[in-house]
Amino acid sequence: MLGRPNGINCRDATDSFAAGCDSGDLWTSSDDTLELASITASVRASCLVGDILSNVYADRKISTELAHAISNKFQAWKDSLPAFLHWQNIEMPDEDPKATLAQLHVNLNYFHGIILLTRPFLLQRVSDEIRALRDTDGGLLSRQTHELPETDSAKTAPFQAACVRSALYTINAVQAALLKRALPRRDPFVM
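Residues numbered from 1 in each chain as written. Predicted model: local features only at pLDDT ≥ 70, side-chain atom pairs only at ≥ 80, totals over all residues. Heavy atoms only, no water.

Caption draft 1: Local environment of the overall build of the protein. What the protein contains, in helices and strands, is five helices and zero strands. Listing each helix as α and each strand as β along the protein from the N terminus yields α-α-α-α-α. When each of the 191 residues of the protein is scored for burial, the buried share is 37%. Excluding contacts between residues fewer than 6 apart, the proportion of contacts in the protein whose partners are at least 24 apart in sequence is 71%. (Helix = DSSP H or I, 4+ residues; strand = E, 2+ residues; numbered from the N terminus. Buried < 20%, exposed > 50% of the residue type's maximum accessible area, 1.4 Å probe, protein only. Contact = heavy atoms within 4.5 Å.)

And the structure:
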């Protein structure tokens, strides 16, 4: 995104956490502590974000096929996530602040990865809408009369919606942690 290659590549890592990036079975350890589960989930989500940065932003191109492939990896990540780390649990009133913060960090990696993956589709839609409005008489065109070609719209609409949903989920998760007073005064990861 900044014109530089990733500083760390999961393929270069020999750590057992990074090895989980390519394996489908993330939770093979019998030790399912909050710390181990959250660091493992964060590393795996970070590997997926690294794939996005390498395959989408470094090459400056994306296709719906690539987006579907990476989206499927995110779905597998989400399916393998232990229930106690799901972001909806942040809103539970009696949750330990340490658990809330772990849930928040893990899920922010996920939400930000989805936003990075789907943002090009949303930006393309916005760009197309602006271009269509400029090309019309006087720049005023009702929303009902303007539609993108069916093939582009049908293929990319789920990605556009996922981008917006992930942004909203990010706000909801951070707000829930804030209302529970689980956020430390300074947490650069959340900021």
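Caption draft 2: Structural view of the pattern of salt bridges. Following the criterion strictly, the structure yields four salt bridges and no others. Among the salt bridges present, the one from D51 reaches K73, with a minimum N-O distance of 3.7 Å. Of the two residues, D51 sits in helix α2 (residues 34-57) while K73 sits in helix α3 (residues 64-80), which places them 22 residues apart along the sequence. Assessed through its relative accessible area of 41%, K73 is described here as partly exposed. (Salt bridge = Lys/Arg side-chain N within 4 Å of Asp/Glu carboxyl O.)

Caption draft 3: Structural view of the environment of A41. Tracing the sequence through the fold places A41 in helix α2. Through-space distance from the C-alpha of A41 to that of Y110 is 9.3 Å; in sequence the pair is 69 residues apart.

Caption draft 4: Quick peek at the nonpolar core. I52, F74, W77, L85, I90 and L104 are the most contacted members of the largest nonpolar core, which has 34 residues in total. Secondary-structure elements contributing two or more residues to this core are α2, α3, α4 (97-135) and α5 (150-179). In terms of residue count, α4 provides more of this core than any other element does, twelve residues in total. (Core = buried A, V, L, I, M, F, W, Y, C linked by side-chain atoms within 4.5 Å.)

Caption draft 5: A look at the packing of α3 against α4. Across the interface, α3 lies against α4 with an axial gap of 11 Å and an inter-helix angle of 165 degrees. By the angle between their axes, α3 is roughly antiparallel relative to α4. As for the relative orientation of α3 and α4, their crossing is left-handed in sense. Residues T64, A67, I70, S71, F74, W77 and K78 of α3 touch α4, and the partners they reach there are V106, Y110, G113, I114, L117 and F121. (Axes fitted to C-alpha atoms, helices over the stretch in contact; angles between N-to-C directions. Parallel < 35°, antiparallel > 145°, perpendicular 65-115°, else oblique. Left-handed = near helix turned anticlockwise from the far one by under 90°.)

Caption draft 6: Examining the packing of α2 against α3 more closely. Close contact between α2 and α3 brings their axes to 11 Å; oriented N to C, the two are set at 175 degrees. Put simply, α2 runs roughly antiparallel to α3. Here A41, R44, A45, L48, D51, I52, N55 and V56 of α2 lie close against α3, whose contacting residues are L66, I70, K73, F74, A76, W77 and S80. Grouping the constituent residues of the contact of α2 with α3 by class yields ten nonpolar, two polar and three charged. (Nonpolar A, V, L, I, M, F, W, Y, C, P; charged D, E, K, R; others polar.)

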